[in-house]
Amino acid sequence: MIADNVINDELEQEVPIEGDNPEETIAVKQYTIAGYGADFDVEGMVRRLDRGDIEIPEFQRTYVWNQKRASRFIESLLMGLPVPGIFLYRDKGSQTLRVIDGQQRLLSLKAYYSGTFPGSDREFRLTGLDSRFEGFAYADLSAQDRRRLNDSIIHASIIQQEAPDDDGTSQFTIFERLNTTSTPLSPQEIRGAIYGGEFNNLLVELNDSGEWRVLVGKPNRRKRDQELILRFLALYHDSAEYRPTMKEFLNKHMISNRDLHRHTAAENRKLFHSTVKTILEKLGRNAFRPERAVNAALMDALMVGIARRLGKGPITADIRPEYEELLENERFRASIYAGTSQADNVRTRIQLATEAFALVE
């Protein structure tokens, strides 16, 4: 039987995050969100997209519509039919609007105005329609039809977090609840979308490390391997401040170091590579796999414990006896197989792993 906090060789199952453990109590967080509606004409919205005033977050499945579906959406506007509204999040600092829901519609419009279908070199002509607009590119529209499309209205619900004012966590919560892709985004895909920046770029870079890939397996389409790296760095730097939920803890760490001001790229890069290299050399490719699959709770404890020891210098001794003794410790085993995001279990496994390797030569 595989525990609820493991991921398979290809990292395709869920990494354990808050909610995996039914016995865990999750505190309800209260937000104060300011919201208002705004009507944008299509031409103005496309201009805002081109200028970057409206940001469409980057993540793996950026554009998934086929040309027929995009064509039908644009045809609806040309015919004067109502279309679904969109959700935007206003960033307090930059005042840019970040798309929470509606990216496929906006990318379709941007592409139609530019003349090229997303992800290809082919001209964007309306296709699959039973109307007079079949085969029309934007440049082919009559002046009257072009004005009708330009002046079409898309309603936007614009929201901004007012409280708590010490973090940006509502972006994650709102995005998670409102994103309506056919395959819901994973937590790390959402983080990459709304907390993009130098730290996120570093996670992408570290995830390509050859030694890391040996330890965790094939790259994961849903970015759960990147989340494992974030989990290690967050717990190494901030484990004393850990409070459930794990998902929110990771969100806060990513926000706090978004531009690598707290912990630099060089610092995190050295920390990650030295730890991964030591684990692979000393414990082998199955170090994170007490059974068949990668155990994320074992991974974070082992990485943090060995990283703390490496702070005193390289490890020359054989550490497999300490590793095997750790895996036989009943308290440690309990902390990596059940309730893995509970504060007591997180503290217990990291403390035990730290103690296990603290005195090795």
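This structure is a prediction, so every number in the text was calculated from the model and none was measured.

Taken N-terminus to C-terminus, the directions of helix H12 (residues 296–310) and helix H14 (residues 330–337) make an angle of 125°; their axes are 7 Å apart at the nearest point. One way to sum up the angle between H12 and H14 is to call them oblique. Regarding H12 and H14, the two cross each other, and that crossing is right-handed. Each of Ala297, Leu298 and Ala301 in H12 lies in contact with H14, whose residues at this interface are Phe332, Ser335 and Ile336. Looking at side-chain class alone, the contact of H12 with H14 contains five nonpolar, one polar and no charged residues.

This paragraph deals with unusual backbone geometry. Following Pro244, the chain continues to Thr245 via a peptide bond in cis, the omega torsion being 10°. As for its position among the elements, Thr245 is in the loop between helix H9 (224–238) and helix H10 (246–256). Here the phi dihedral of Gln95 falls at roughly 65°; this positive angle occurs in a residue that is not glycine. Along the polypeptide, Gln95 turns up in the loop between strand E4 (86–90) and strand E5 (97–101). The phi dihedral of Leu260 is positive, around 60°, even though this residue is not glycine.

Okay, the packing of aromatic side chains next. What characterises a pair of aromatic rings is the spacing of the ring centres plus the angle enclosed by the ring planes. A full pass over the atoms with the stated rule returns nine aromatic pairs. Centre to centre, the rings of Tyr112 and Phe124 are 5.2 Å apart; their planes meet at 80°, and the pair counts as edge-to-face. Here the residue Tyr112 occupies a position in helix H3 (residues 103–114), and Phe124 occupies one in the loop between H3 and helix H4 (143–151), the gap between them amounting to twelve residues. Residue Tyr112 shares its accessibility class with Phe124, and that shared class is buried. Between the aromatic rings of Tyr112 and Tyr138, the centroid separation amounts to 6.1 Å while the plane-to-plane angle is 85°, which identifies the pairing as edge-to-face. In this pair, Tyr112 sits in helix H3 while Tyr138 sits in the loop between H3 and H4, placing the two residues 26 residues apart along the sequence. Across this residue pair, the class does not change: Tyr112 and Tyr138 are buried. Ring-pair connections join several aromatic residues into one group, and the members of that group are Tyr112, Tyr113, Phe117, Phe124 and Tyr138. We note Arg146 situated over the ring of Tyr138; from NZ or CZ to the ring centre the distance is 5.6 Å.

Moving on, we get to the pattern of salt bridges. For the structure on display, the rule yields 20 salt bridges. The salt bridge involving Asp300 is made with Arg231; its shortest N-O contact spans 2.8 Å. Here Asp300 is found in helix H12, whereas its partner Arg231 is found in helix H9, with 69 residues between them in sequence. Judged by relative accessible area, Arg231 falls into the buried class, the value being 1%. Salt bridges linked by common partners bring Glu123, Arg125 and Asp140 together as one network.

Before going further, it helps to examine the nonpolar core. Core analysis: the largest hydrophobic core is formed by 65 residues, its most contacted members being Trp212 and Phe288. Excluding residues that lie within four positions of it along the chain, Trp212 makes contacts with Leu206, Asn207, Asp225, Leu228, Ile229, Phe272, Val276, Phe288, Met299 and Met303.

Another aspect to go through is the confidence of the model for the protein. For the protein, mean pLDDT is 87; residues scoring 70 or higher make up 87% of the total. Between residues 1–27, whose pLDDT stays under 50, and residues either more than four places distant or in other chains, the model counts 85 contacts.

Within an α-helix, residues lying three or four positions from one another point in the same direction, as the helix has 3.6 residues per turn. The complete set of buried residues in H4 reads Asp145, Leu149 and Asn150. Buried residues in H4, looked at end-on, bunch into an arc of 135°, giving them a common side. Along H4, exposed side chains directed more than 90 degrees from the buried face belong to Gln144, Arg147 and Asp151. Packed against the buried residues of H4 are strand E2 (32–41), helix H1 (42–51), helix H2 (67–78) and H3.

Turning our attention to the pairing of E5. The element E5 is extensively covered by neighbouring structure, given that five of its five residues are classed as buried. Two elements, E4 and E5, share four bridges in a ladder whose sense is antiparallel. Looking across to E5, one finds that Phe87 is bridged to Asp101. Connecting E4 to the next strand, E5, in antiparallel fashion are six residues, including Gln95 with a positive phi near 65°.

Glancing now at H14. Residues of H14 that are buried include every one of Phe332, Ser335 and Ile336, and no others. Down the axis, H14 shows its buried residues gathered within 90° of arc, on one side only. Where H14 is buried, its residues contact strand E7 (294–295), H12, helix H13 (320–328) and helix H15 (343–357). Of the residues one or two after H14, Gly339 is the one with positive phi, at around 55°.

Rules used in this analysis
Residues numbered from 1 in each chain as written. Predicted model: local features only at pLDDT ≥ 70, side-chain atom pairs only at ≥ 80, totals over all residues. Heavy atoms only, no water. Axes fitted to C-alpha atoms, helices over the stretch in contact; angles between N-to-C directions. Helix = DSSP H or I, 4+ residues; strand = E, 2+ residues; numbered from the N terminus. Parallel < 35°, antiparallel > 145°, perpendicular 65-115°, else oblique. Left-handed = near helix turned anticlockwise from the far one by under 90°. Contact = heavy atoms within 4.5 Å. Nonpolar A, V, L, I, M, F, W, Y, C, P; charged D, E, K, R; others polar. Phe/Tyr/Trp six-rings, centres within 6.5 Å; stacked < 30°, edge-to-face > 60°. Buried < 20%, exposed > 50% of the residue type's maximum accessible area, 1.4 Å probe, protein only. Lys NZ or Arg CZ within 6 Å of the ring centre and 35° of its normal. Salt bridge = Lys/Arg side-chain N within 4 Å of Asp/Glu carboxyl O. Core = buried A, V, L, I, M, F, W, Y, C linked by side-chain atoms within 4.5 Å. pLDDT = per-residue confidence, 0-100. Arc of directions from axis to C-beta. Pairing = 2+ DSSP bridges.

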